[in-house]
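Residue strings, one per chain:
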Amino acid sequence: MTARRALAGTIATGLLATAAALLPVQSAGASGAGELPFGSATTVGLHNTYDPAAFGYLAQGLDTGTGMIELDAWTDTVTKEWKVSHSNPLGNANNCVTASTPAQLYTGGANKNLETCLDDVRVWLGAHPGAGPLVVKLELKAGFAANRGMGPAQLDSLIAGHLGSAVLRPADLLAKPGGGSYANADEAVRAGNWPTRAALAGRVLVYVIPGSLEEGNPFDTLPTDVEYGRHLRDLAAAGRIGDAQVFPAVHGAAAGDPRTKYAETAIRPWFVVFDGDAAAYLGGIDTAWYDSRHYLLTMTDAQNVAPAISATDPTADQARGRTEQLARAHASIVSSDWRGLPAVQSLALPRG
């Protein structure tokens with residue numbers, strides 16, 4: 001009986017891997033967009049990709065060819081672990097497994113910490129070197145807890161330790177092709193310094209947004225975006241910008257320059273990623289402003305733009321049409337829960 005179970009498990013794992021291999025995987029040159037600068041393309045992203053209800057394994061979400069995955073993380077200040085879950089701050093509830101080889105991505109126990117989720121991403125990319133670039137959207141549900149040893153520096157260390165040279169860091173964006181460096185992210189992006197998608201094959205850009213439960217968290221000293229913005233400012237002043245692994249995002253659709261909400265003007269130039277509701281952006285906001293400056297713009301809940309379509313199961317034509325609509329509206333990433341449409345998830349279109 002034990003041998004029979006083991007054989008069944010082996011067959012099941014093989015079938016999973018075979019099925020995954022048949023799904024489209026977005027390449028850096030998908031849809032002929034390889035020579036586009038990263039900031040001049042529109043791709044599709046998956047909301048809450050870590051959710052076991054969405055995919056049995058995180059790698060299956062990556063197999064769709066998506067341009068973005070989303071992870072929710074909590075700072076467990078007792079154990080000093082970054083837990084990945086939607087609603088449990090003290091435990092893991094996710095589809096990440098302990099994989100050191102591609103085959104192991106589709107087997108084994110799940111519910112692991114953030115570092116294991118990042119390991120899964122690294123192993124998957126190693127098996128798909130032409131894929132990407134991939135964006136990892138990280139929501140810190142209750143914010144940082146720097147006063148308890150879980151702040152931006154610790155997150156940088158964790159990401160560097162588990163994604164390594166795959167990370168597209170702020171310092172990489174600042175580096176001028178002919179030598180020297182731009183002073184900040186805004187200056188680099190407005191100068192058109194994004195590498196092409198082809199040059200970023202196998203690479204990962206991580207951006208962080210404030211969490212939905214930050215307010216009232218006794219261990220959170222600052223909003224996530226402000227805290228990481230200050231971190232970048234201070235690292236740059238100290239000549240250590242290379243330590244940073246993350247781009248902070250301005251969260252929430254707003255007219256004009258949303259960075260004016262930050263009273264500290266010195267942190268504003270470190271924000272070149274923006275994230276907000278798609279319907280709000282299309283409700284009268286000048287989204288061409290983002291595109292003309294080469295800022296990244298994630299439009300979430302793409303299904304809610306009128307006329308609304310299914311959040312999870314639209315037809316392929318509906319999802320592609322919505323993606324094309326938001327690409328024309330200058331989105332960099334069109335985010336949804338369209339889990340069963342790899343042909344849409346793997347799209348890479350010219351932006352604007």
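Residues numbered from 1 in each chain as written. Predicted model: local features only at pLDDT ≥ 70, side-chain atom pairs only at ≥ 80, totals over all residues. Heavy atoms only, no water.

Structural notes on the state of the cysteines
Argument step 1. Tallied over the full model, the rule gives 1 disulfide.
Argument step 2. Put simply, Cys96 and Cys117 are joined by a disulfide, and their sulfur atoms are 2.0 Å apart. Disulfide Cys96-Cys117: the torsion about the S-S bond is 100°, which places it as right-handed. Of this pair, Cys96 sits in the loop between β3 (81-84) and α3 (114-127) while Cys117 sits in helix α3, and the two are 21 residues apart along the sequence.
Argument step 3. A relative accessible area of 0% means that Cys96 is categorised as buried. (Disulfide = S-S within 2.5 Å. Helix = DSSP H or I, 4+ residues; strand = E, 2+ residues; numbered from the N terminus. Buried < 20%, exposed > 50% of the residue type's maximum accessible area, 1.4 Å probe, protein only.)

Let's talk about the side chain of Asn95
Argument step 1. Assignment of secondary structure puts Asn95 in the loop between β3 and α3.
Argument step 2. One polar contact links the side chain of Asn95 to the main-chain carbonyl oxygen of Thr49, over a distance of 3.0 Å.
Argument step 3. For Asn95, the residues in contact, after removing those within four places along its chain, are Thr49, Tyr50, Asp51, Pro52, Phe55, Gly56, Tyr57, Leu58 and Ala110. (Polar contact = N/O pair within 3.5 Å; in protein donor to acceptor, adjacent residues only side chain to side chain. Contact = heavy atoms within 4.5 Å.)

Regarding helix α4 (residues 152-163)
Argument step 1. The first and last C-alpha atoms of α4 sit 16 Å apart over 12 residues, in line with the 16 Å expected at 1.5 Å per residue.
Argument step 2. For α4, the set of buried residues is Pro152, Leu155, Asp156, Leu158, Ile159 and Leu163. Down the axis, α4 shows its buried residues gathered within 165° of arc, on one side only. Seen from the open side of α4, the exposed residues pointing more than 90 degrees away from its buried face are Ser157 and Gly161.
Argument step 3. Summarising the contacts, the buried residues of α4 are in contact with β3, α3, β4 (134-140), β5 (204-210) and α7 (224-237).
Argument step 4. Directly after α4, the chain includes Gly164, whose backbone phi takes a positive value near 55°. (Expected span 1.5 Å × (residues − 1). Arc of directions from axis to C-beta.)

Here's the deal with the packing of α4 against α7
The packing of two helices is summarised by the inter-axis angle and the distance between the axes.
Argument step 1. The geometry of α4 relative to α7 is characterised by a closest axis approach of 10 Å and an angle of 80° between their N-to-C directions. In terms of their interaxial angle, α4 and α7 are classed as roughly perpendicular. Here α4 contributes Pro152, Ala153 and Asp156 to the contact with α7, which in turn contributes Glu227, Tyr228, His231 and Leu235.
Argument step 2. Of the residues that constitute the contact of α4 with α7, the class distribution is 4 nonpolar, 1 polar and 2 charged. (Axes fitted to C-alpha atoms, helices over the stretch in contact; angles between N-to-C directions. Parallel < 35°, antiparallel > 145°, perpendicular 65-115°, else oblique. Nonpolar A, V, L, I, M, F, W, Y, C, P; charged D, E, K, R; others polar.)

Quick look at the pattern of salt bridges
Argument step 1. Throughout the structure, instances matching the rule amount to 18 salt bridges.
Argument step 2. Among the ionic pairs, Lys83 bridges to Glu81, the shortest N-O distance being 3.5 Å.
Argument step 3. The exposure class of Glu81 is partly exposed, given its relative accessible area of 28%.
Argument step 4. The residue Arg230 makes a salt bridge to Glu264 at a minimum N-O spacing of 2.6 Å. Of the two residues, Arg230 sits in helix α7 while Glu264 sits in the loop between β6 (247-251) and β7 (273-277), which places them 34 residues apart along the sequence. (Salt bridge = Lys/Arg side-chain N within 4 Å of Asp/Glu carboxyl O.)

Functional significance is not addressed by these values, which are geometric in nature.
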